[in-house]
Amino acid sequence: WCQYLLGETLDGQPIELAGDPNLELAVEYANRSRANPVKFLQMTGILGPELQASGRFSAAFAHALSMLRSDGTRSTIDIMMHEVDGQHEPSST
């Protein structure tokens, strides 16, 4: 959602944003996330304070959004699925 709110695809093509009563505020926080992805989570009026307060969630969000922006959608999904699969392998004991 954060990336979508920037109003463009990862390769710079414009995206028409759907109407939303909080659109202006959400776009403002999405733009803040360009410098620091965690800034998006400071939109506590919409997201609630729990997300920003969770160091684990904040780190995961920043990691995923940074990968999305640098590596693209398909690569990010592949990497994330590999990471998840690696965490759920049965033990060999």
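All of the points below concern the structure found in this document. (Residues numbered from 1 in each chain as written. Predicted model: local features only at pLDDT ≥ 70, side-chain atom pairs only at ≥ 80, totals over all residues. Heavy atoms only, no water.)

**Let's talk about helix α4 (residues 55-71)**
Residues three or four positions apart in an α-helix share a direction because the helix packs 3.6 residues into each turn. The condition is simple: Note on conventions: DSSP H or I runs of at least 4 residues are helices, E runs of at least 2 residues are strands, and numbering of each starts at the N terminus. Given the number of residues in a helix, its expected span is that number minus one, multiplied by 1.5 Å. Per-residue accessibility, obtained with a 1.4 Å probe over protein chains only, is compared with the maximum for each type, and a residue is labelled buried under 20%, exposed over 50%, and partly exposed between these values. Contact definition: two residues touch when any of their heavy atoms are within 4.5 Å.
Here α4 is 17 residues long and its end C-alpha atoms lie 24 Å apart, about the 24 Å a rise of 1.5 Å per residue gives. For α4, every residue scored as buried is listed here: S58, F61, A62, L65 and M67. Looking at the packing, one finds that the buried side of α4 touches α3 (49-53) and α5 (73-87). Phi for G72, located one or two positions after α4, is positive at around 90°.

**A closer look at the side chain of S33**
For S33, the position within the fold is in the loop between α1 (23-32) and α2 (44-47). Apart from residues lying up to four places away in sequence, S33 is in contact with C2, K39, F40, L65 and R69.

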